[in-house]
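# Overview (structure and organization)
Chain by chain, the residues:
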Number of protein chains: 2
Amino acid sequence: MARLKCVIAYDGTRFSGYQVQPNQRTVQEELEAALKRMHKGKAIRVTASGRTDAGVHAVGQTIHFDSPLAIPEENWCRALNTLLPDDILIKQAQGVADDFHARFDVSQKEYRYRILNRKEADLFRRFYTYHVPDILDIQAMREATTHIIGTHDFSAFCAAGTQVVDKVRTVYDVRIEQQGDELVIAMVGSGFLYQMVRIAVGNLLAVGQGKAPPAAIAAILETKDRRKAFATAPPQGLYLWEVGYDTDNSHAVNAN
Amino acid sequence: MARLKCVIAYDGTRFSGYQVQPNQRTVQEELEAALKRMHKGKAIRVTASGRTDAGVHAVGQTIHFDSPLAIPEENWCRALNTLLPDDILIKQAQGVADDFHARFDVSQKEYRYRILNRKEADLFRRFYTYHVPDILDIQAMREATTHIIGTHDFSAFCAAGTQVVDKVRTVYDVRIEQQGDELVIAMVGSGFLYQMVRIAVGNLLAVGQGKAPPAAIAAILETKDRRKAFATAPPQGLYLWEVGYDTDNSHAVNAN
C-alpha cells in the first residue's frame, strides 16, 4: 500500500458540498467512485483537509488515500482525471509517508472570496462571485481586517450547529485586493471555524457599506455571540485556495 | 397591441440553443413561457435577431414581441426577470413602432470570442472560454484579419446544412485584444453565415499556431469550399455581443 496526496480543484456549483451525504452529489463521492473504478470495484476511502459547503469552490483542496496499485506518480493525475467529471480536477499527485494525514497535518489554509463590485450583475459569473453593487469603503475594510488578524476566540464568527468546543483560531493575514471589477479578500489562518470566512467577509462588507465602523469588528468578536455579527456572505464567492502542511512535502501544495 | 423590443443576455451553457426544439430546453421556449404566464395563458410569439447554437452565449441578443398589456416600459424588465430562470436576463425593454422587426431590421451584429490563452485550464471558465494552451503569434493573426474584413463570398466559412443561397457578407471589423490571460476576438459585420464566426476564429487560431501563414486565409476564402478551411472553434467561447439597427431606436441597443 502506498499513500498518495493530491491537490485538487473543483467547481462547487453542482455539488451539495464536499462530504458524502445520502442522495446528494458530493465531491467526495465522485472521487471515491473514480478510485473504485480504478481499483476494479475495491472501495478506497478519501480523506480531505476539511469539508466545503454546497456552492463553495476549491482551487487547492488537498486529499490523501491509500492504494495498492503500482502506478508511477506522474500518471495518477491523468488516470483519475479521465474517470472524474469535468467539475473536478486532480492538479497534482505525489507519494507521501504512510503517516501523512490531509486533515490532521494541516499547518495553514488560505481562502479567497471574490466579490463582483460594480453596478451591473454578471450572468456569467453568478456561480463564481458575490455581486455587491454598493460603492465600498475599502480603506475602512482594510482597517477592520486588523481586528481579525491575530489569535482570537472567533465564536461570533462561527455558524450555529458546529460541535467544535475550542473556538480560538489564529488568522495570520487578511488581504483585500482589487482585481478589475472584482474585490478579492484573501484570508490565511491556522484553521477556520464553520462558515468563519463567509461570516468574516459579511462583516467586512458591512464595514465597507458604512453599516459599522472598523472598530465594531473588535467589539463584535468580544461578544463571542454569533447573533451580534452581520450576515454570512453567500457560498458562491468562496474558494478554498491552498492548504499548507508542515512537512517535507509542503513545497508540493502550491496550487496553480 | 404594443410592440416591445428587448435586449437580453443569456448563459448558453444549459440551453440547446436559442430556437425552440421539441424536448429541448431553449432560450426562446423560456422567454415564451414567461410571457405566457404574464399574459394569463395567452401565447406570445418572440422573434429574435437570429439563432445561437447550444453553448453559445449572448450579452446583447435582441428580440421583439407584441403585447396587449398596458405596462409602463420601465416595468417590463423587472416583470419578465421575475418569471425567467437565472440564466436569462432582460437588460432593456422599450416600446417600438409596429413595423420594427428584430431580424429583418438588423444593420450589424457584433460577436466576441473568448480564448483562455495560458498553459493551465481553468475549471471556472470551462463553459465561458475556449482553452488554447499554445503560444500564439498574435501579430500574424492580426494580419490574417485583413483578409476577412471586407465584402467576400464566405462559403468556405459556412457550416454545411444551411439553406442560405447568397453567401456574400460584409465584415466591417475584426479586432484581437489581450485581456489578462484571455485573447478576445471581436467581429462586426452586416450579418454572419451559420457558424461563420466560429470557423473564422478556428482559422485565425490556425494562423496563430503557425499552421498556415496569414495569406492562407485569403486563399481559403477564394476556394469557397468549407473543406479547405480549418476546424470550427467550440461554442462556449462565443458571445452574441450586440445587435445594431438602422432605426431611431438604435441608441437603445448598447448592451452593458
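As named in an unreviewed UniProt entry, chain A is tRNA pseudouridine synthase A, taken from Pullulanibacillus camelliae. Under Subunit (unreviewed entry), UniProt gives the following word-for-word description of chain A: "Homodimer." The Catalytic activity (unreviewed entry) field of the UniProt record for chain A holds the comment "uridine(38/39/40) in tRNA = pseudouridine(38/39/40) in tRNA".

We now examine the domain arrangement of chain A. All names here are of chain A. Along its sequence, chain A is organised into domain 1 (2-104) and domain 2 (108-241). One C-alpha centre belongs to domain 1, the other to domain 2; they are set 28 Å apart. Taken together, the contact between domain 1 and domain 2 spans 15 residues of the former and 13 residues of the latter. Summed over both sides, the interface of domain 1 with domain 2 buries roughly 1,100 Å², with 56% coming from carbon and sulfur. Broken down residue by residue, the surface that domain 1 buries against domain 2 is led by D53, H57 and V59, which jointly contribute 45%. Seen at the junction of domain 1 and domain 2, the total is one salt bridge. The salt bridge involving D53 is made with R198; its shortest N-O contact spans 3.5 Å. Taken together, the connections running from domain 1 to domain 2 amount to eleven residue pairs in polar contact (both at pLDDT 80 or more).

This brings us to helix α4 (residues 196-208) of chain B. Counting along an α-helix, one turn takes 3.6 residues, and residues three or four places apart therefore face a common direction. For α4(B), built from 13 residues, the straight-helix expectation of 18 Å at 1.5 Å per residue is met to within 8% by its first-to-last C-alpha distance of 18 Å. After α4(B) finishes, the residue B:G210 shows a positive phi value of roughly 80°.

Taken as rigid bodies, chain B and chain A are interconverted by a rotation of 180° and an axial shift of 0.0 Å, the fit giving an RMSD of 0.0 Å. When the rotation and shift are considered jointly, the pair of chain copies conforms to a two-fold rotation axis. Both copies share a contact surface, since 100% of the interface residues of chain B are interface residues in chain A too.

This brings us to helix α3 (residues 138-145) of chain A. All names here are of chain A. Taken together, the buried positions of α3 are I138, A140, M141, A144 and T145. When α3 is viewed along its axis, its buried side chains cluster within an angular range of 155° and face the same direction. Elements that come into contact with the buried residues of α3 comprise β8 (168-179), β9 (182-189), α4 (196-208) and α5 (216-223). Two to three positions downstream of the cap, the backbone nitrogen of Q139 sits 3.3 Å from a side-chain oxygen, assigning the N-cap of α3 to D137.

Contacts between the two partners involve 18 residues from chain B and, on the opposite side, 18 residues from chain A. For the pair chain B and chain A, the number of links is four salt bridges. Between A:R126 and B:D86 there is a salt bridge whose closest N-O contact spans 3.4 Å. Summed over the shared surface of chain B and chain A, the number is four residue pairs in polar contact (both at pLDDT 80 or more). Ranked by residues supplied to the side of chain B that touches chain A, first place goes to strand β3 (residues 57-67) of chain B with three residues.

With that settled, consider the UniProt feature "active site" (unreviewed entry) in chain A. Residues and elements named next belong to chain A. Residues annotated by UniProt as "active site" (unreviewed entry) correspond here to D53. As for its placement among the helices and strands, D53 is situated in the loop between β2 (47-48) and β3 (57-67). Look at D53 and you get partly exposed, because its relative accessible area is 22%. Beyond its immediate sequence surroundings of up to four residues, D53 is in contact with G17, Y194, Q195 and R198.

Cut-off values and rules
- Residues numbered from 1 in each chain as written.
- Chains lettered and ligands numbered in written order.
- Predicted model: local features only at pLDDT ≥ 70, side-chain atom pairs only at ≥ 80, totals over all residues.
- Heavy atoms only, no water.
- UniProt positions renumbered as here; feature names shortened; annotations may be inferred.
- Domains from an automatic or database assignment.
- Contact = heavy atoms within 4.5 Å.
- Buried area = accessible area lost by both parts, 1.4 Å probe.
- Salt bridge = Lys/Arg side-chain N within 4 Å of Asp/Glu carboxyl O.
- Polar contact = N/O pair within 3.5 Å; in protein donor to acceptor, adjacent residues only side chain to side chain.
- Helix = DSSP H or I, 4+ residues; strand = E, 2+ residues; numbered from the N terminus.
- Expected span 1.5 Å × (residues − 1).
- Least-squares fit on C-alpha atoms with pLDDT ≥ 70 in both.
- Buried < 20%, exposed > 50% of the residue type's maximum accessible area, 1.4 Å probe, protein only.
- Arc of directions from axis to C-beta.

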